[in-house]
Amino acid sequence: MRIHLRKLMAIIEVKGKAIFSKNFIIMPIFALGFTYLIKKVYGSINDIDMSGYTLSLGVLMNVCMTGIYLVAATLAEEKEKNTLRTLMTSSVNGLEFFLGSLIPILLLMMIVNVLCVLISGFQMTNFENWCIFLLVTTCASIISAIIGMIFGIFAKNQMSAGTMTTPALLIFMMIPMFKALNEILSKISNFMFTGIIMNVIDNISKHSTAIDIQNIIILIVEIVLSIILFLILYKKNGYEID
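Residues numbered from 1 in each chain as written. Predicted model: local features only at pLDDT ≥ 70, side-chain atom pairs only at ≥ 80, totals over all residues. Heavy atoms only, no water.

**Student:** If you had to explain the overall build of the chain to someone new, which residues and values would you point to?
**Tutor:** Per the secondary structure count, the chain includes 10 helices and 2 strands. Reading the chain from its N end, one meets helices and strands in the order α-α-β-β-α-α-α-α-α-α-α-α. Here the C-alpha atoms of the chain give a radius of gyration of 18 Å, agreeing with the 18 Å that 2.2 N^0.38 yields for 242 residues. Its C-alpha atoms put the chain at 60 × 35 × 35 Å along the principal axes. For the chain, with 242 residues in total, the buried portion stands at 50%. The contacts of the chain with a sequence gap of at least 6 include a subset with a gap of at least 24, amounting to 78%. (Helix = DSSP H or I, 4+ residues; strand = E, 2+ residues; numbered from the N terminus. Rg over C-alpha atoms; globule rule 2.2 N^0.38 Å. Buried < 20%, exposed > 50% of the residue type's maximum accessible area, 1.4 Å probe, protein only. Contact = heavy atoms within 4.5 Å.)

Structure below.
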């Protein structure tokens, strides 16, 4: 499957404009505001530094709301405005559409994740921790964005996109947040990209090994499976033009 740079850049431009429209830019702004609010509410409890927990919730909000909901909603909006069909008649293939949709949202999410670190007051003790944080959050952002694309394929409009993504948002956010309450939830969380984010940030705050080989394998497998599933559904639902 070949990638035509001109078509790819056209998709990136369309997606970029959609993301930064007044309807959708509120999502990453909300993630930043949420991080600031949590910092003000929690601060420190009994002299315990809560910046790691604050950062975890902020990144979790960004990854889920911006990655899953925003991506699904923008794709649904393109269906409503027939923008998507215009792209399809230009013989845009699945890979071009995938990369063009992923690149702008990924860059936005990475910037927001870094800003969450600064807002939360979380201290990255060394360059290695920064690298691990960026690697894990980037992988998680990719996965969440692809999940958003998958939901967007089936959503008929923005309202249905919100309805369809809500259960997924609750699952990906709530299980890691409440994993301490139940051993089963903790085990499930360890296999979720959102759970891995919280584990990594928690490990960095405790100055222990930030990530292990199991977490890396899980993230890679989830990225590969989500990409394959998206490309299959993209073509199966009639968007691919042979």
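**Student:** For helix 10 (residues 213-236), give the residues involved together with the corresponding values.
**Tutor:** Over its 24 residues, helix 10 runs 34 Å from end to end, which matches the ideal 34 Å to within 8%, given 1.5 Å per residue. All of the buried residues in helix 10 are Asn215, Ile218, Leu219, Glu222, Ile223, Ser226, Phe230, Leu233 and Tyr234. A distance of 3.2 Å separates the backbone nitrogen of glutamine 214 from a side-chain oxygen at the start of helix 10, and that oxygen is part of aspartate 212. (Expected span 1.5 Å × (residues − 1). Polar contact = N/O pair within 3.5 Å; in protein donor to acceptor, adjacent residues only side chain to side chain.)

**Student:** Describe a nonpolar patch on the surface, naming the residues involved and giving the relevant values.
**Tutor:** Residues Ile213, Ile216, Ile217, Ile220, Val221, Val224, Leu225, Ile228 and Ile232 make up a contiguous nonpolar surface patch of about 800 Å² in total accessible area. Along the chain, the position of isoleucine 217 falls in helix 10. Exposure remark for isoleucine 217: the relative accessible area of 46% places this residue in the partly exposed category. (Patch = residues over 30% accessible without salt bridge, like charges linked within 9 Å, V, L, I, M, F, W, Y side chains within 5 Å. Areas by Shrake-Rupley, 256 points an atom, 1.4 Å probe, with all protein chains shown as cover. Salt bridge = Lys/Arg side-chain N within 4 Å of Asp/Glu carboxyl O.)

**Student:** Which residues make up the nonpolar core, and what values do they have?
**Tutor:** Of all hydrophobic cores here, the largest spans 64 residues; its most connected members are Leu55, Ile105, Val136, Phe172, Phe193, Val200 and Phe230. The set of elements that each furnish at least two residues to this core consists of helix 1 (5-19), helix 2 (26-42), helix 3 (51-80), helix 5 (94-120), helix 6 (127-154), helix 7 (158-177), helix 9 (193-205) and helix 10. Counting residues per element, this core draws most heavily on helix 6, which supplies 13 residues. Ignoring sequence-local partners within four residues, the contact set of valine 200 consists of Ile132, Val136, Ala210 and Ile211. (Core = buried A, V, L, I, M, F, W, Y, C linked by side-chain atoms within 4.5 Å.)

**Student:** Before we move on, can you summarise the pattern of salt bridges with the specific residues and values?
**Tutor:** Taken as a whole and assessed by the stated rule, the structure comprises 3 salt bridges. Between lysine 206 and aspartate 202 there is a salt bridge whose closest N-O contact spans 3.1 Å. Accessibility expressed as a relative area gives 32% for aspartate 202, which makes it partly exposed.

**Student:** Before we move on, can you summarise the environment of phenylalanine 154 with the specific residues and values?
**Tutor:** Mapped onto the fold, phenylalanine 154 is located in helix 6. Separated by 79 residues in sequence, phenylalanine 154 and leucine 233 place their C-alpha atoms 9.3 Å apart. Excluding its chain neighbours within four sequence positions, the residues that come into contact with phenylalanine 154 are Lys79, Met164, Leu233 and Asn237.

**Student:** Pulling in residues and values, what's your account of helix 6?
**Tutor:** Between its first and last C-alpha atoms helix 6 spans 41 Å; for 28 residues at 1.5 Å apiece the expected length is 40 Å, and the two agree. When you tally the buried positions in helix 6, you get 20 out of 28 residues, the bulk of the element. Measuring from the side-chain oxygen of the N-cap residue of helix 6 to the backbone nitrogen of glutamate 128 gives 3.1 Å; that N-cap residue is asparagine 126.

**Student:** Requested: an account of the packing of helix 6 against helix 9, with residues and values cited.
**Tutor:** Their axes nearest at 10 Å, the elements helix 6 and helix 9 cross at an angle of 165°. It follows from the interaxial angle that helix 6 and helix 9 lie roughly antiparallel. Here the hand of the crossing between helix 6 and helix 9 comes out left-handed. Only Phe193, Ile196, Ile197, Val200, Ile201 and Ile204 of helix 9 make contact with helix 6, whose side of the interface consists of Asn129, Ile132, Phe133, Val136, Ala140, Ile143, Ser144 and Ile147. (Axes fitted to C-alpha atoms, helices over the stretch in contact; angles between N-to-C directions. Parallel < 35°, antiparallel > 145°, perpendicular 65-115°, else oblique. Left-handed = near helix turned anticlockwise from the far one by under 90°.)

**Student:** So, the packing of aromatic side chains: which residues are in play, and what are the values?
**Tutor:** Under the definition given, this model contains 5 aromatic pairs. Judged by centre distance (5.7 Å) and plane angle (40°), the rings of phenylalanine 98 and phenylalanine 230 are tilted. Residue phenylalanine 98 is found in helix 5, and its partner phenylalanine 230 is found in helix 10; the two are separated by 132 residues along the sequence. Both rings, one in tryptophan 130 and one in phenylalanine 133, keep their centres 6.2 Å apart while their planes meet at 85°; by these two values the pair is edge-to-face. In this pair, tryptophan 130 and phenylalanine 133 both sit in helix 6, 3 residues apart, roughly one turn of the helix. (Phe/Tyr/Trp six-rings, centres within 6.5 Å; stacked < 30°, edge-to-face > 60°.)

**Student:** Please set out the side chain of serine 144 residue by residue, giving values where relevant.
**Tutor:** In this fold, serine 144 is placed in helix 6. Apart from residues lying up to four places away in sequence, serine 144 is in contact with Val63, Gly67, Ile68, Met109 and Phe193.

Nothing here speaks to function; it is geometry throughout.
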